[in-house]
Amino acid sequence: MSYFERSNELFESVKTPYIGATLLALVAAFPLVANAIGGLPFLTSIAIEMMIFAVFAMSFNLLVGYTGYVSFGHTVFLGSGAYMTAILMKKFSVPFIAAAPAAVVGTGLFALVVGGIAFRRSGVYFAMITLGVAQVFYTLFQSWNYVGGDTGIIIDPPVVFGYEFNPFEPMGYYYLALATVVVTYLFTRYLVRSPFGHVLQAIRENEERARAVGYSVRTFKLAAFSVSGGLAAVAGVLYAAYFTQVAPGSTLYWTTTGDGLFMILIGGMGTLVGPIIGSVFVIGTQYALSTYLVDFIPEGAPTLIARLPERWPLLLGLLFMLTVLRFRSGIAGGLGFSRVRSIDDVLARVSGSAEPDEPAVKSDGGDEK
Amino acid sequence: MTPLSVGLGDLATTFVNGVSYGMILVLVALGLSLVFGLMGVLNFAHGALFMLGGYIGLAVMELTGGGITGFVLALIIAPLVVAAIGAGLERTVYKPLYDTEPIYQLLLTFGLAVVIEEAVKYIWGAAPPGVPPRPAVFDGAVVFMGISLPYYRVFTILLGAAVVAGTALFLSRTRFGLIVRAGVYNTDRTATLGLNVERAFTAVFGLGAFIAALGGVVYIYRAIEPSVGASIILPAFIVVIVGGLGSFWGSVIAGLLIGIIWQFAAVYAPVPAGTVIFLVMIAVLLLRPQGILGEAEVEV
């Protein structure tokens with residue numbers, strides 16, 4: 001029990017809202033600090049990328065972590081959101097403020113169709129259908145001149161109510177992305193703790209039983225898939241707005257799905273904070289190795305050492321395998337977040353009493369009161 | 001000549017190219033299908049073993065000075081090395097996951113695919129190594145009924161056919177093959193009979209890696225590069241799904257079929273060939289999920 005007690009202490013400390021608020025304040029103040037030390041555009045742009053992919057990973061985790069279905073084509077919804085935004089803005093001159101919600105809703109409906117096809121099978125077959133759908137769009141968009149082929153679509157930075165976003169002065173983007181991360185986090189937290197979310201977890205734990213109890217599991221899975229796709233489109237909208245270029249290689253190819261899997265597995269699958277931690281970790285490692293490690297390598301170093309910094313995916317891949325083999329709960333698990341809700345916690349809620357005397361395992365993460 | 005006969009010649013050339021590409025897909029798909037049939041693992045890393053075979057083959061050719069001798073040595077040595085690596089991976093990395101949920105196996109093999117690709121880039125560099133000059137033996141073509149068949153394509157097709165025949169004989173005529181087939185049919189019951197299924201797992205994994213690496217060496221003259229593993233595994237998945245997961249002859253038929261569809265789509269279809277074969281896969285998954293020859297009941 002010592003493990004649980006220890007992680008509980010940690011959890012209790014994270015559980016207090018102050019920690020969350022302090023973290024948020026620190027993140028909000030980050031650009032000012034970065035500005036002071038002179039690395040503003042670069043460090044801030046890394047942080048923005050982390051936040052965009054945190055939203056993507058959270059959306060992916062809603063599917064993989066809470067329903068137990070692994071899609072290998074989730075990037076198609078990131079791409080869909082990004083492409084819809086770019087096409088609406090570029091080809092139809094729709095302002096960003098209108099294109100963004102249209103892209104999210106449109107992708108949610110698109111995901112409904114894809115889910116309708118893919119959920120006719122499960123397991124490996126489900127993974128292959130989703131991969132197939134994503135690859136169909138990847139190969140099509142790569143050769144379709146209307147959407148710019150391999151180069152993709154290049155748009156102007158969005159202008160919202162007279163405010164011009166500027167990729168070289170990324171403050172506006174930073175706070176837009178931060179707000180999106182917070183809202184997405186709160187939304188997924190609300191969702192997984194709602195009765196809807198509990199049915200999803202029941203499907204993950206035992207789909208047959210969930211069906212036997214009388215839930216229409218197909219409807220729940222479809223709803224989860226659609227919401228998950230729509231959230232991925234939110235990340236896609238941010239992607240288009242920030243990078244101002246939407247190309248098939250970076251938004252539709254299956255390696256982006258793979259990055260998402262890296263993030264949720266290493267961060268902590270099926271926990272609320274896991275995807276955020278994972279995104280920060282994966283992108284952080286990437287930049288730390290590819291940008292900063294280079295400085296430590298002397299000029300005439302042997303080839304194998306000189307090649308180290310650009311091979312950051314090797315390190316992440318090994319970490320990913322280690323996570324799957326040994327530490328399934330990921331970094332979030334190590335910090336005391338569990339993907340399974342304790343019976344004490346549930347009982348405490350049901351009986352309406354305050355905290356149970358001695359909770360055995362903590363809930364599924366977040367700063368719950 | 002009349003336009004009709006020219007068209008027929010084009011069709012025949014496309015067909016032969018399709019069979020030749022299909023044979024390479026068969027070489028990747030055989031191991032994929034055997035491993036799935038026996039262990040229930042869909043091995044994402046199998047394409048990476050194919051690519052690794054190509055790189056080790058190139059290294060062997062470099063050491064031995066290339067030419068036809070180098071190529072033949074590469075055809076022998078690279079598959080053996082990759083088979084040993086595959087068997088080692090099965091023992092250390094895959095084994096702990098046989099009893100867990102399939103999603104972890106899928107995730108693990110995906111991670112392994114990335115690791116192998118990155119390791120190859122680390123050792124040999126990320127840039128494509130380039131295509132070595134083809135031995136003079138392969139220059140020229142057989143002319144058959146007015147259709148010219150380049151030697152190298154003929155060689156690929158013959159080698160593929162030989163590997164298929166050899167594997168089929170191994171599975172149907174040897175005692176070990178019998179254990180493997182029994183294991184595919186029912187792993188638990190085979191183990192209960194006192195047969196060493198675990199050893200069969202390792203051996204089949206090694207065999208699959210061997211065949212894939214053979215394909216990788218053949219692929220050297222098409223241009224091997226680190227990303228080839230990731231790009232060949234997708235059509236190979238399509239092959240095993242269309243043929244029926246776990247079905248040996250299903251993989252062979254589907255491999256040739258997908259190869260031919262690919263070439264015809266590349267020449268005649270208004271959309272990319274990659275799109276066409278994925279649409280074929282999705283259609284098969286929805287209409288006949290057990291594939292052409294698959295018998296396994298598919299959980300729906």
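Residues numbered from 1 in each chain as written. Chains lettered and ligands numbered in written order. Predicted model: local features only at pLDDT ≥ 70, side-chain atom pairs only at ≥ 80, totals over all residues.

A. Spotlight on the overall build of chain B. Counting secondary structure elements, chain B contains twelve helices and two strands. The linear arrangement of helices and strands in chain B, starting from the amino end, is α-α-α-α-β-β-α-α-α-α-α-α-α-α. Against the compact-globule benchmark of 19 Å for 300 residues, chain B has a radius of gyration of 19 Å, which places it among compact chains. In terms of its C-alpha atoms, chain B occupies a principal-axis envelope of roughly 65 × 50 × 35 Å. Intrachain contacts of chain B at a sequence separation of at least 6 include 77% that bridge at least 24 residues. (Helix = DSSP H or I, 4+ residues; strand = E, 2+ residues; numbered from the N terminus. Rg over C-alpha atoms; globule rule 2.2 N^0.38 Å. Contact = placed C-beta atoms within 7 Å.)

B. Main features of the overall build of chain A. Helix and strand counts for chain A stand at 17 helices and four strands. Looking at chain A as a whole, 48% of its 369 residues qualify as buried. Put simply, 74% of the contacts in chain A that link residues at least 6 apart link residues at least 24 apart. (Buried ≥ 20, exposed ≤ 12 C-beta atoms within 10 Å, placed from the backbone.)

C. Seen up close, the environment of A34(A). Relative to the helices and strands, A34(A) is located in helix α2 (residues 17-36). In this structure the C-alpha to C-alpha distance between A34(A) and T44(A), which are ten residues apart in sequence, comes to 7.3 Å.

D. Structural detail: the confidence of the model for chain A. Residue and element names in this part refer to chain A. In this model, chain A carries a mean pLDDT of 83, and residues with pLDDT of at least 70 account for 85%. Helix α10 (residues 217-243) holds the highest mean pLDDT among the elements of chain A, 95, whereas helix α1 (residues 2-15) holds the lowest, 43. Contacts for the low-pLDDT stretch residues 353-369, under 50 throughout, to residues beyond four places or in other chains number 48 contacts. (pLDDT = per-residue confidence, 0-100.)

E. Layout of the interface of chain A and chain B. Between chain A and chain B, the residue contacts involve 33 residues of the former and 34 residues of the latter. Secondary structure elements with two or more residues in the side of chain A that touches chain B: α6 (123-143), α12 (254-267) and α15 (312-325) of chain A. The leading source of residues in the side of chain A that touches chain B is α6(A), at 14 residues. The residue makeup of the side of chain A that touches chain B, split by class, is 19 nonpolar, ten polar and four charged. (Nonpolar A, V, L, I, M, F, W, Y, C, P; charged D, E, K, R; others polar.)

F. Structural detail: the pairing of strand β2 (residues 147-150) of chain B. Residues and elements named next belong to chain B. As judged from the four bridges shared by strand β1 (residues 141-144) and β2, these two strands associate in the antiparallel manner. In the strand pairing of β2, V143 is matched with S148. Connecting β1 to the next strand, β2, in antiparallel fashion are two residues, including M145 with a positive phi near 50°. (Pairing = 2+ DSSP bridges.)

G. Up close: helix α6 (residues 175-185) of chain B. For α6(B), the complete set of buried residues consists of I179(B), V180(B), G183(B) and V184(B). Each buried residue of α6(B) lies within a common arc of 140° when the element is viewed along its axis, so the set occupies one face. (Arc of directions from axis to C-beta.)

H. Seen up close, the nonpolar core. In this structure, I52(A), V55(A), A213(B) and I238(B) are the most contacted members of the largest nonpolar core, which totals 208 residues. Here this core takes 17 residues from helix α1 (residues 3-39) of chain B, the largest share from any one element. Among all residues touching V55(A), those that are not within four sequence positions of it are T180(A), V181(A), T184(A), L231(A), V234(A), A235(A) and L238(A). (Core = buried A, V, L, I, M, F, W, Y, C linked by C-beta atoms within 7 Å.)

I. Spotlight on helix α11 (residues 248-268) of chain B. With 21 residues, α11(B) ought to run about 30 Å at 1.5 Å a step, and its terminal C-alpha atoms sit 30 Å apart, in line with that. The buried count for α11(B) comes to 15 of 21 residues, which makes it a mostly enclosed element. (Expected span 1.5 Å × (residues − 1).)

J. Highlighting the packing of helix α7 (residues 171-193) of chain A against α10(A). Residues and elements named next belong to chain A. Between α7 and α10, the shortest axis-to-axis distance is 11 Å and the interhelical angle comes to 175°. Relative to α10, α7 is oriented roughly antiparallel. Of α10, the residues touching α7 (which contributes Y173, A177, T180 and T184) are L231, V234, L238 and Y242. In terms of residue class, the contact of α7 with α10 is made up of six nonpolar, two polar and no charged. (Axes fitted to C-alpha atoms, helices over the stretch in contact; angles between N-to-C directions. Parallel < 35°, antiparallel > 145°, perpendicular 65-115°, else oblique.)

K. Focus on unusual backbone geometry. Positive phi is not limited to glycine here, since T244(A) has a value of about 50°. For T244(A), the location among the structural elements is in the loop between α10 and β4 (245-246). Phi at A223(B) takes a positive value of approximately 105°, unusual for a residue other than glycine. Tracing the sequence through the fold places A223(B) in helix α9 (residues 220-223).

L. A look at the confidence of the model for chain B. All names here are of chain B. Of the residues in chain B, 95% reach a pLDDT of 70 or more, and the chain-wide mean stands at 86. Scored below 50 in pLDDT, residues 1-6 shows one contact in the model against residues more than four places distant or in partner chains. Scoring the predicted complex yields pTM 0.86 and, for the interface, ipTM 0.85.

M. Region of interest: the environment of V197(B). Residue and element names in this part refer to chain B. Within the secondary structure, V197 is located in helix α8 (residues 197-218). Along the sequence, V197 and L293 sit 96 residues apart, while their C-alpha atoms lie 24 Å from each other. For V197, the residues in contact, after removing those within four places along its chain, are G183, T187, T190 and A191.

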